[in-house]
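# Observations on the model geometry
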Amino acid sequence: QVQLVESGGGFTQAGGSLQLSCAASGRIFNINSMGWYRQAPGKQREMVALITRSGTANYGDPVKGRFTITRDNAKNIVYLQLNSLKPEDTAVYYCIAQPSGQSAYWGQGTQVTVST
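Residues numbered from 1 in each chain as written. Predicted model: local features only at pLDDT ≥ 70, side-chain atom pairs only at ≥ 80, totals over all residues. Heavy atoms only, no water.

### Here we look at the overall build of the protein
Counting its secondary structure elements, the protein contains 0 helices and 11 strands. Ordered by position from the N terminus, the helices and strands of the protein form the series β-β-β-β-β-β-β-β-β-β-β. Counting across all 116 residues of the protein, residues that qualify as buried make up 42%. Within the protein, residue pairs in contact and separated by at least 24 positions form 53% of the contacts whose partners lie at least 6 positions apart. Entry remark: accessible area of the protein is about 6000 Å², with carbon and sulfur atoms responsible for 48%. Positive and negative side-chain charges in the protein, numbering 10 and 6 respectively, have mean positions lying 6 Å apart. (Helix = DSSP H or I, 4+ residues; strand = E, 2+ residues; numbered from the N terminus. Buried < 20%, exposed > 50% of the residue type's maximum accessible area, 1.4 Å probe, protein only. Contact = heavy atoms within 4.5 Å. Areas by Shrake-Rupley, 256 points an atom, 1.4 Å probe, with all protein chains shown as cover. Lys, Arg positive; Asp, Glu negative; His and termini not counted. Charge placed at Lys NZ, Arg CZ, Asp CG, Glu CD.)

### Let's talk about unusual backbone geometry
At Asn76, a residue that is not glycine, the phi angle is positive and equals roughly 60°. In this structure, Asn76 sits in the loop between β7 (67–72) and β8 (77–82). Judged by relative accessible area, Asn76 falls into the partly exposed class, the value being 21%. Despite not being glycine, Ser84 has its phi angle at roughly 50°, a positive value.

### As for the pairing of strand β9 (residues 91–99)
Within β9, 7 of the 9 residues are buried, leaving the element largely enclosed by the surrounding structure. Two elements, strand β4 (residues 31–39) and β9, share 8 bridges in a ladder whose sense is antiparallel. Within the sheet, the bridge partner assigned to Met34 lies in β9 and is Ala97. Looking at chain direction, β9 and strand β11 (residues 110–115) are connected through 3 bridges and run antiparallel. Opposite Tyr93, over in β11, you have Thr110 as the bridge partner. (Pairing = 2+ DSSP bridges.)

See the structure below:
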């Protein structure tokens, strides 16, 4: 089992910044990709950013150039820096850890709210 504990998030105005963190523990030895998805009310969950153990990052189109994902393999933590936030970024953000050849693990979610 893998446990994911998210922190960060909260409330900010448009143009502001936030940082999310996700710490993984448990059977983490075979986790390759980690990252973030988000889900806004009435919408499907969408990929925000993913990063491999070697540091290769992939971003969803809506956040390219504004969000940055980084990973500390020694501490098993993945970070998401959210800059130039827009009201449409408002969503619950979920951490994901993808072990090789197994189903993904999900965090409990953290709310990000961006006002106009």
